[in-house]
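# Summary of structural features
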Amino acid sequence: MIDSFVHDVPACRVVFGAGSLDQVESEVARLGGERVMLVAGGPEAALAQPLERMLDGKIVARFADVTMHVPVDVASAAEVLARANDVDLLLSFGGGSATGTAKAVALGTGLPILAVPTTYAGSEMTSIWGLTEGQRKTTGRDPRVLPKTVVYDPELTVGLPADLSAASGMNAMAHLVEALYDPAVSPVSFLQAEEGVRALASALPRVVADPGDLSARGEALYGAWLAGWALGTTGMGVHHKICHVLGGAYNLPHAPMHSAVLSHATAFNEDHAPRAMEAIRRALGSAGIDAPSAAAGIYNLETIIGAPTALAEVGMNREDLDEAARLVVEARPTNPRPVDMDGVRALLLAAYEGTLPRVAAV
Ligand code: NAD
């Protein structure tokens, strides 16, 4: 039987393929961009150099002070620069931090975004924005921040180091896992999320073994696209709530933290979302990662690719676990298994220690 569903996918044009950076010029023109602000920092700024020549004078402002979790003062400096230069299009180039900075400007100005992602974070496919002030991270959804066009070029990810690729890939995997057990997941989103799990599980071991393998990079970026789309079109559960709390309160690195929590959050839900768990096991199995449970399969994949499996290794302090558990429970995530203090405390302790998740009775 097909359950009732609402399938609500906002329009966003996707241009995918090795070498598709060359299409940015025509995509800028398609959006009517004449005065472009390039948002790119860190190593991505150097990677974005070809755009300067390609856009032939259309880049009238450059914002390079890209900072993880978009502090409000960074967002406001970027917005001031865009307004001062009478910008008509934001061109974000980089990981989730660059995309997030452009989104913050779009939130304040309504300017359109063309996004060129260089990690697997997936922000480019969502209407979710995030800003931090002090220790507090605020997120929301607003259609104005969804990029109008996304250009995915696997060649741009070849320089993403193996450890960042592995962690970022597991960040994408987390979007897929939680989409699969979202109570409102549509039949199409379910298929797409399962395919995303398969693509990432197939690609990430090859990416880590040879970061220059363009075929593996293409499949990983394809999985990341599906994951971003899943994040944008479904609700997320306890895993994302934990990462939201830990990222905001303890400033843990985004992608490694997602990786460390994911197998343990999956084990937490294992007996409460059988259809999703079966899909995850099936997808991992078809990528050659066989395991007796979805959680164990994710843990095995992380071990193979060297992605973090323990919060202790990404900077979490053991004495903060009680407070973190309280913050997660107070946030009342929608989740297949009811979220209570004892359960979340045990989940966080397992994630802190990085113990192999228990094997569900299957
Ligand atoms: P990031 O953008 O900070 O990038 C991580 C590191 O990788 C940085 O040092 C960056 O300079 C480097 N890097 C990126 N691409 C590279 C490349 N091709 N080669 C070499 N180095 C490269 O981190 P992220 O994990 O991509 O994104 C995390 C941020 O995105 C967080 O703030 C998170 O909250 C946000 N996010 C938002 C959404 C959303 O829907 N709003 C979704 C996912 C993530």
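Preceding block: the structure.
It should be emphasised that the depicted structure is a prediction, and the values quoted were computed from it without experimental measurement.

## Focus on empty space enclosed by the protein
A water-sized probe, rolled over the atoms, reveals where empty space remains. According to the stated counting rule, one finds two cavities of 30 Å³ or more in the structure shown. As a volume, the largest cavity reaches approximately 50 Å³. Contributing to the lining of the largest cavity are Val9, Pro10, Cys12, Met125, Thr126, Ser127, Leu146, Trp229, Gly232 and Thr233. Broken down by class, the residue content of the lining of the largest cavity amounts to six nonpolar, four polar and no charged. By volume, the second largest cavity amounts to about 30 Å³. Looking at the lining of the second largest cavity residue by residue, the class counts come to four nonpolar, five polar and one charged.

## Points about the layout of surface pockets
Its boundaries defined by the atoms lining it, the second largest pocket holds a volume of some 370 Å³. Around the second largest pocket, the lining comprises 18 residues; the ones closest to its centre are Asp3, Pro183, Val185, Phe190 and Arg275. Within the residue set of the lining of the second largest pocket, elements represented by two or more residues are helix 7 (187-209) and helix 11 (274-286). When the residues that make up the lining of the second largest pocket are grouped by side-chain class, the tally is 13 nonpolar, two polar and three charged.

## Section: the pairing of strand 7 (residues 136-141)
In the sheet, strand 6 (residues 128-133) pairs with strand 7 via six bridges, with the strands oriented antiparallel. For Ile128, the partnering residue across the bridge sits in strand 7 and is Arg141. Hairpin geometry of strand 6 and strand 7 is characterised by an intervening segment of two residues between the two adjacent antiparallel strands and by a positive phi of about 60 degrees at Gly134.

## Side note on the packing of helix 6 (residues 162-180) against helix 7
Direction vectors running N to C along helix 6 and helix 7 enclose 165 degrees, while the axes themselves pass 9 Å from each other. In terms of orientation, helix 6 lies roughly antiparallel with respect to helix 7. Every pair of crossing elements has a handedness; the one defined by helix 6 and helix 7 is left-handed. For the pair helix 6 and helix 7, the contacting residues are Ala162, Ser165, Ala166, Gly169, Met170, Ala172, Met173, Leu176, Ala179 and Leu180 in the first and Phe190, Ala193, Glu194, Gly196, Val197, Leu200, Ala201, Leu204, Val207 and Val208 in the second. A breakdown of the residues in the contact of helix 6 with helix 7 according to their chemical character gives 16 nonpolar, three polar and one charged.

Rules and cut-offs
- Residues numbered from 1 in each chain as written.
- Predicted model: local features only at pLDDT ≥ 70, side-chain atom pairs only at ≥ 80, totals over all residues.
- Heavy atoms only, no water.
- 1 Å grid on protein atoms, 1.4 Å probe; cavity = no way out; pocket = protein on both sides within 12 Å on 5 of 7 lines; lining within 4 Å.
- Points joined across faces, edges and corners; volume = space filled by probe spheres on them.
- Nonpolar A, V, L, I, M, F, W, Y, C, P; charged D, E, K, R; others polar.
- Helix = DSSP H or I, 4+ residues; strand = E, 2+ residues; numbered from the N terminus.
- Pairing = 2+ DSSP bridges.
- Axes fitted to C-alpha atoms, helices over the stretch in contact; angles between N-to-C directions.
- Parallel < 35°, antiparallel > 145°, perpendicular 65-115°, else oblique.
- Left-handed = near helix turned anticlockwise from the far one by under 90°.
- Contact = heavy atoms within 4.5 Å.

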